[in-house]
Amino acid sequence: MPCCSCHEIDFGIDVGVDNNHLIASKDPTHPANMICELCRLFYTNGWCTGTGGGVSIRDANKAYIAPSGVHKERMVPSDMFVMDLESKEYLRKPAKYKASACTPLFLDIYNIRDSGACIHTHSQNAVMVTLLFDKYFEISSIEQIKALPKVTEAGNLWYSDKLTIPILENTEREEDLSESLQQCIKSHPNTTAILVRRHGIFVWGENIWKAKVYNEALDYLMELAIKMKQFGIPTVKQE
Ligand SMILES: CSC[C@@H](O)[C@@H](O)C(=O)COP(=O)(O)O
Ligand SMILES: [Zn+2]
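Conventions adopted
- Within any chain, residue numbers begin from 1 and follow the written order of that chain's sequence.
- Ligands are numbered from 1 and chains lettered from A, in the order in which they are written.
- Owing to the predicted nature of the model, reporting of local features is limited to residues with pLDDT of at least 70; listing and counting of side-chain atom pairs is limited to 80 or more, with chain, interface and lining totals taken over all residues.
- As a rule here, side-chain values come from all non-hydrogen atoms in the structure, and water together with hydrogens is ignored.
- UniProt positions are given in the numbering used here, feature names are shortened, and annotations may be inferred rather than shown by experiment.
- Water is not among the atoms examined, so metal sites may look incomplete; donors are the N, O and S atoms within 2.8 Å of the metal, or within 3.2 Å for Na, K and Ca.
- Geometry assignment treats four donors as tetrahedral when all angles are between 85 and 135 degrees, treats four as square planar and six as octahedral when opposite donors are over 155 degrees apart and all others between 65 and 115, and treats everything else as irregular.
- Only buried residues count toward a nonpolar core, which is a set of Ala, Val, Leu, Ile, Met, Phe, Trp, Tyr and Cys residues joined through side-chain atoms within 4.5 Å.
- For the exposure calls, accessible area comes from a 1.4 Å probe over protein chains only, and a residue counts as buried if that area is under 20% of its type's maximum, exposed if over 50%, partly exposed in between.
- Runs of E in the DSSP output that reach at least two residues are strands. Runs of H or I that reach at least four are helices, and both are numbered from the N terminus.
- Contact criterion: two residues are considered in contact whenever any of their non-hydrogen atoms come within 4.5 Å of each other.
- One requirement defines pairing of two strands: DSSP has to find at least two bridges between them.
- Axis angles are defined between N-to-C directions and span 0 to 180 degrees, where every axis is a line fitted to C-alpha atoms and, for a helix, only to the segment in contact.

In the nomenclature of an unreviewed UniProt entry, the chain corresponds to Methylthioribulose-1-phosphate dehydratase from the organism Ogataea parapolymorpha. Note on the chain: under the UniProt heading Function (unreviewed entry), the record states "Catalyzes the dehydration of methylthioribulose-1-phosphate (MTRu-1-P) into 2,3-diketo-5-methylthiopentyl-1-phosphate (DK-MTP-1-P)." Its UniProt record gives the chain a comment under Sequence similarities (unreviewed entry), which states: "Belongs to the aldolase class II family. MtnB subfamily."

This is the structure in structure tokens:
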């Protein structure tokens, strides 16, 4: 119930929604704390530079999402948006921020793959790979490939498996990627990531810890692939 009639009158000012109980926790693994910690780490990796990138973590039917256009490495838990994934209503909405432009894309991933967490980075390795490969990033016979899941069946890929990550064309506004992202996720059931040309990468997983591993493994493999290309070494091992 609104505390008074002012909440019902549209002053044209976003009064926001606090619900601070959703983000106040001393548990370092609480979604609001994890998003801040990971964005600090990703910033040091050069993956979330100049407000780029973002992280969302799902807790049951609630999605925690970083705000838009902020120093991702300086966020605090009270900056977080929290959305009810069934009603698509915000349970928490900081008045001073806009929701991340990644929001519709994270929601697509949650809806289609029932994931536990999504990571979006502007890694230069991801961008370079989209300039070196056409429709798919492909690499095989590298030990790190074993960190990636098979997705459509239990277990991870094998050393000699070929890892294939689809590449989408970028759009002027991040939210406009939604339709092509949805189609790509549905038509590539075996992938746990999608690259966006000249932009970056979206990675998801069963939970934030898996998504973090997949993202780190992919960035390692993309960096390696760039070096392999520089030395004229095929990234897919020739039998
Ligand atoms: C440097 S602007 C980057 C944005 O357009 C977008 O690509 C992005 O990754 C982050 O969007 P944001 O709305 O700040 O969460
Ligand atoms: Zn982006």
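Still more to cover.
1. Quick notes on the coordination of the zinc ion (ligand 2)
Coordination sphere of the zinc ion (ligand 2), protein contribution only: His120 (NE2), His122 (NE2), Glu174 (OE) and His199 (NE2), at 2.0 to 2.5 Å. For the zinc ion (ligand 2), the six donor atoms in the first shell make angles of 65 to 166 degrees at the metal, so the coordination geometry reads as irregular.

2. A closer look at the nonpolar core
Nonpolar side chains in soluble globular proteins tend to end up buried together. Counting 25 residues, the largest nonpolar core has Phe137, Ile139, Leu148, Leu163, Leu195, Ile201 and Leu218 as the members making the most contacts within it. Elements represented by at least two residues in this core include exactly α3 (124-132), β6 (136-140), β7 (162-168), β8 (193-196), β9 (200-205) and α5 (208-230). Not counting residues within four places of it along the chain, the set of residues in contact with Leu163 comprises Phe137, Glu138, Ile139, Ile145, Leu148, Leu157, Leu218 and Leu221. Formed by 23 residues, the second largest nonpolar core is a distinct cluster that contains Cys39, Ile57, Val70 and Met80.

3. Re the sheet that holds β9
With mixed pairing, the nine strands of this open sheet are ordered in space as β4-β3-β2-β1-β5-β9-β8-β7-β6. Each having just a single partner strand, β4 (90-92) and β6 make up the two edges of the open sheet. For this sheet, the mean angle separating the axes of adjacent strands, direction not counted, is 20 degrees. Where β8 and β9 come together, four bridges link them in antiparallel fashion. Directly across from Val196, in β9, lies its bridge partner Gly200. Sheet contacts for helix α2 (residues 103-113): β1 (54-59), β2 (62-65), β3 (81-84), β4, β5 (117-121) and β9; angle to β1, the most-contacted strand, approximately 40 degrees. Running over the sheet, helix α4 (residues 178-187) touches β7, β8 and β9 and is turned about 155 degrees from β7.

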